[in-house]
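Descriptive structure summary
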Amino acid sequence: MERVLMKGNEALAEGAILAGCRGFFGYPITPSSEIAEYMARKMPKIGGVFVQAESELAAINMVYGGASTGARVMTASSSPGLSLKQEGISFISEAELPCLIVNVSRGGPGLGGIQPAQSDYFQATRGGGHGDYHTIVLAPSGSQEMMDFAMEAFELADKYRIPVMIMAEGTLGNIMEPILMREPVTKFSEKPWATTGCRGRKPNIVNTLHLGNEELESRNHQLFNKYQIIKENEKRADAFLVEDAEIVVVAFGIMSRIVKKAVIEARKKGVKAGLVRPVTLWPFPDEHIRTAAKNARLFLSVEISMGQMIQDIQLALAGRVPVEFYGRIGFTPNPEEILQEIMRLAEREGL
Amino acid sequence: MAKGKVKFFTDRCKACGLCIEFCPKDVLGFDEHTINILGYHPIKDLKPELCTGCAICGVVCPDLVIEVERE
Amino acid sequence: MKKVFQKPESLTDAKNHYCPGCSHGLIHRLIAECMDEMNIREKTIGICPVGCSVLAYDYFNCDMLEAAHGRAPAIATAIKRLLPDRFLFTYQGDGDLASIGMAEIVHASARGEKITVIFVNNTLYGMTGGQMAPTTLLGQVTTTSPYGRKAENEGYPMKMAELLSSNEGSAYICRTAVNNPANINRTKRAIKKAFQVQEKGLGFSMVEILSACPTNWGLNPLDAMKWIEDNMVPYYPLGEFKVKEEQ
């Protein structure tokens, strides 16, 4: 198989194309713009559609329209842009339109900065817009996964009729790593609900309005039954040296690779550290967290934020094991400072 | 003069009166002896013999109450 | 006897929920008659707005989508780009199109999206109870301009047909009214022309239709029709503003 050097954003875009994505609708924003630029170059050559929308709102609503035709479509943006897209994501979730939404995330609040950050974790995992809903959220940790997860995202989106979000820190969008090119997807599921013109069938309606009390409640129950099935089937995490771990560090995305290095160094110093890396941020892999808690005296959530995922870890552990936090914003914690934190906690706990 | 006939789906009528206003032959009026499912006195051809089937009543009706036939 | 007027096939049998004398039902029918006459029902995808006509998906007998407030042109853009041989129409009110959806409509027009926009201008927000819209006339009393719209406070009513006709991408822009049989027939011809412009791929098309909201105007249906003639038409002149011919 071919091995090529690719920027994360481009690997993600190419992965989407390999997955059959034929519609990209976006608005420029750092550090995600390379995805739109890649699509602008590629789509015309493969019979796809690229539209630079007038706004993030228009872009996400183009995704709503594009997905309603049954085509595989996507948008990509970065944190402030994702805030603007929330209206559309709520509508897309209710209308159950499969699509890919990418957040190459940066620091906030407000305009924040363009440094990589994970502070959109709550927005991504709690729905983000109005109403009760969830999107599946995948967090890649390198260029290869940018490609792989883009492909996986479209499969999950079609399987569950749900928008899937890829949340990748700005770093991942911009670093270059060698990756193995994947084969293009050739099998796609039927979408009999799509609004393509009603030739030979009854008209289809894509709608999110439910004026009746009972209708609205039953729609929410339908959605939540689906979310329950997704929770049962799709929680994913990687575990590293957690079997005998007394300090379990939890980190996702690029942060998980940095933490892994610190965990290895801690082991060399005789501290039984381990790592759980959530791959799906929603559904959150709470069972993986509980499994890793077997011998744990302490959990440590390391995030590029002021501490958001730590709440999901606490929920998973339900008070059984204390959870500490180490995070920075504007900077990405380096292996040395994480190691220092692990050693400080180990000493404090007498480990 | 062509001869016309109007047929009404009276349950759809909201008694807006636009058809009465625009009928050039004054064929139509409200049926004050009837109250339809929506609570209105629906439209009726009070002078059916005058209808020419011009269909203006149907054209101005916002609620698809009227069908028109012509000889 | 031969049927000379009946419900078009492109409408369902559902009874509409509109108030007595409201023009929405009539405009739905004109669109549907054009779809029937052009035999495009099975190739047409319509997009409803937020507003009184939010439930239009129950009335049109073709594939339909319900959009977020003002976003219908963005949705139509994507569908048309992915399915270029289908007919796309958006159905939008003045709050939807000229206020919250201003960016979407202007850019769909500027891009020359090959879609047809039916813009129902009744000078206010109907569904929410008659609030001021960008199209509310000067001096007009609404629930949020209770002393009458004043230019110094609320600015001037927006002329969407004129505004969009200045975009190169606009191929057909027309303003009509539905206040009498002759204007209703002109409106239907304009809608058909807009669909034909779309069929020929000439660009963006919009028919702005001056229509009645008797309930929120506080008028009976007949007086509402007169109000269109007396108050709206002088500020919103009828006619074709842009007609791009085939090259």
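Provided above is the structure to which this section pertains.
Throughout, a residue's number is its position along its own chain's written sequence, starting from 1. Each chain is given a letter, starting from A, and each ligand a number, starting from 1, according to the order in which they appear as written. Only residues with pLDDT of at least 70 get local features here, since the model is predicted, and only at 80 or more are side-chain atom pairs given and counted; chain-wide, interface and lining totals rely on the full set of residues. Each side-chain value is worked out from all heavy atoms of the structure, with water and hydrogens disregarded.

Comments concerning the sheet that holds strand E5 (residues 116-121) of chain C
Rules: Any two strands with at least two DSSP-identified bridges between them are counted as paired. Helix and strand assignments come from DSSP, with helices taken as H or I runs of at least 4 residues and strands as E runs of at least 2, each series counted from the N terminus.
What the eight strands build is an open sheet, ordered E9(A)-E3(C)-E2(C)-E4(C)-E5(C)-E9(C)-E8(C)-E10(C); its pairing is mixed. In this open sheet, the two strands that pair with only one neighbour each are strand E9 (205-206) of chain A together with strand E10 (239-243) of chain C. Summarising the sheet, strand E2 (residues 44-48) of chain C and strand E4 (residues 87-93) of chain C pair through four bridges and their orientation is parallel. Looking at the pairing, Thr44 of chain C lines up with Phe87 of chain C of E4 of chain C.

Structural notes on the pairing of strand E3 (residues 49-52) of chain A
Our working definition: Accessible area is worked out with a 1.4 Å probe on protein chains only. A residue is then buried under 20% of its type maximum, exposed over 50%, and partly exposed in between. Crossovers are described as right-handed under a simple rule: with the strands pointing away from the observer, the path leading from the first strand over the helix to the second runs clockwise.
Of the two faces of E3 of chain A, the one holding Val49 and Val51 of chain A is buried and the one holding Phe50 and Gln52 of chain A is not buried anywhere. With helix H2 (residues 33-42) of chain A bridging strand E2 (residues 21-26) of chain A and its parallel neighbour E3 of chain A, the resulting β-α-β unit is right-handed.

Brief notes about the pattern of salt bridges
Put simply, the rule reads: Salt bridges are defined as contacts in which a side-chain nitrogen from Lys or Arg sits within 4 Å of a carboxyl oxygen from Asp or Glu.
All chains considered together, the criterion is met by 49 salt bridges over all chains. The closest approach of N and O atoms between Lys85 of chain A and Glu56 of chain A, which form a salt bridge, is 2.8 Å. Here Glu56 of chain A lies in helix H3 (residues 56-68) and Lys85 of chain A lies in helix H4 (residues 79-95), a separation of 29 residues in the sequence. As far as burial versus exposure is concerned, Lys85 of chain A and Glu56 of chain A are alike and both buried. A salt bridge links Asp286 of chain A to Lys235 of chain A, with the shortest nitrogen-to-oxygen separation between them at 2.9 Å. Of this pair, Asp286 of chain A sits in helix H10 (residues 286-292) while Lys235 of chain A sits in the loop between helix H8 (213-234) and strand E10 (237-240), and the two are 51 residues apart along the sequence. In this pair, the class of Asp286 of chain A matches that of Lys235 of chain A, namely buried. What you see here is one network of salt bridges that share partners, running through Arg29, Glu33, Glu37, Lys188 and Lys192 of chain C.

Quick look at unusual backbone geometry
Of all residues except glycine, most have a negative phi; of all peptide bonds, most are trans. Residue Pro31 of chain A follows Thr30 of chain A across a cis peptide bond; omega there is 5°. Within the secondary structure layout, Pro31 of chain A lies in the loop between E2 and H2. Cis geometry is adopted by the peptide bond preceding Pro283 of chain A, which originates at Trp282 of chain A and carries an omega value of -5°. Structurally, the position occupied by Pro283 of chain A is in the loop between strand E13 (280-282) and H10. Phi at Asp26 of chain B takes a positive value of approximately 55°, unusual for a residue other than glycine. Position of Asp26 of chain B among the secondary structure elements: in the loop between helix H1 (18-22) and strand E2 (28-30). For Asp26 of chain B, a relative accessible area of 51% gives the class exposed. For Thr123 of chain C, which is not glycine, the phi dihedral falls at a positive 70°.

Topic: the packing of helix H9 (residues 254-268) of chain A against helix H12 (residues 335-349) of chain A
The angle between the axes and the distance between the axes are what describe a pair of packed helices. All names here are of chain A. Test applied: Here an angle of 0 to 180 degrees is reported between the N-to-C directions of two axes, which are lines fitted to C-alpha atoms, with helices fitted over the stretch in contact. Between 65 and 115 degrees an angle is taken as roughly perpendicular, under 35 as roughly parallel, over 145 as roughly antiparallel, and anywhere else as oblique. Left-handed describes a crossing in which the near helix is turned anticlockwise from the far one by less than a right angle; the clockwise case is right-handed. In what follows, a contact means two residues having at least one pair of non-hydrogen atoms within 4.5 Å. The residue classification treats Ala, Val, Leu, Ile, Met, Phe, Trp, Tyr, Cys and Pro as nonpolar and Asp, Glu, Lys and Arg as charged. All others, Gly included, are polar.
Orientation of H9 relative to H12, taken along the N-to-C sense of each, is 55°, at an axis distance of 8 Å. By the angle between their directions, the pair H9 and H12 is classed as oblique. When the axes of H9 and H12 are compared, the crossing they make is right-handed. Of the residues in H12, those touching H9 at Met255, Ile258, Val259, Lys261, Ala262, Glu265 and Ala266 are Pro335, Ile338, Leu339 and Ile342. Residue classes in the contact of H9 with H12 are distributed as nine nonpolar, no polar and two charged.

A word on the sheet that holds E2 of chain A
Residues and elements named next belong to chain A. Read from one edge to the other, the open sheet built from seven strands follows the order E3-E2-E4-E5-E7-E6-E13, with strand pairing classed as mixed. Single-partner strands in this sheet number two, and they are E3 and E13. The mean inter-strand angle of the sheet, taken between neighbouring strand axes irrespective of direction, is 20°. In terms of strand pairing, E2 meets E3 through four bridges, oriented parallel. Looking at E3, one finds that Phe25 is bridged to Val51.

Focus: the environment of Gly129 of chain C
All names here are of chain C. With respect to the secondary-structure elements, Gly129 resides in the loop between strand E6 (124-125) and strand E7 (131-132). It is 14 Å that separates the C-alpha atoms of Gly129 and Gly93, two residues lying 36 residues apart in sequence. Sequence-distant contacts of Gly129, defined by excluding residues within four places in its chain, comprise Thr143 and Asn216.

Brief notes about the arrangement of the chains
By number of contacts, the leading pair among the two pairs of chains in contact is chains A and C. Here chain A and chain B are not in contact; the least distance found between their C-alpha atoms is 20 Å.

Things to note about the interface of chain C and chain B
Note the following rule: Each of two parts loses accessible area, computed with a 1.4 Å probe, when they are put together; buried area is these two losses added. In protein, a polar contact means a hydrogen-donor-capable atom and an acceptor-capable atom, both N or O and within 3.5 Å, with residues adjacent in sequence counting only if both atoms are side-chain atoms; elsewhere, any N or O pair within 3.5 Å suffices.
At the interface, 30 residues of chain C touch 29 residues of chain B. Between chain C and chain B, a total of about 2,400 Å² is buried, with carbon and sulfur atoms accounting for 65% of that surface. Contact with chain B buries surface across chain C, with Met1, Phe5 and Lys15 of chain C losing the most and accounting together for 28% of the total. Of the charged contacts, one joins Lys3 of chain C and Glu67 of chain B as a salt bridge, the two residues approaching to 3.3 Å between their closest N and O atoms. For the interface between chain C and chain B, the tally reads 13 residue pairs in polar contact (both at pLDDT 80 or more). Listed by contribution, the elements that provide at least two residues to the side of chain C that touches chain B are strand E1 (2-5), helix H1 (24-38), helix H7 (181-199) and helix H9 (221-235) of chain C. Of all the elements, E1 of chain C adds the most residues to the side of chain C that touches chain B, at four residues. Tallied by class, residues from the side of chain C that touches chain B come to 16 nonpolar, eight polar and six charged. Pairing analysis gives three bridges linking strand E4 (residues 66-70) of chain B to E1 of chain C, with the strands arranged antiparallel. Along E1 of chain C, the bridge assignment pairs Glu69 of chain B with Lys3 of chain C.

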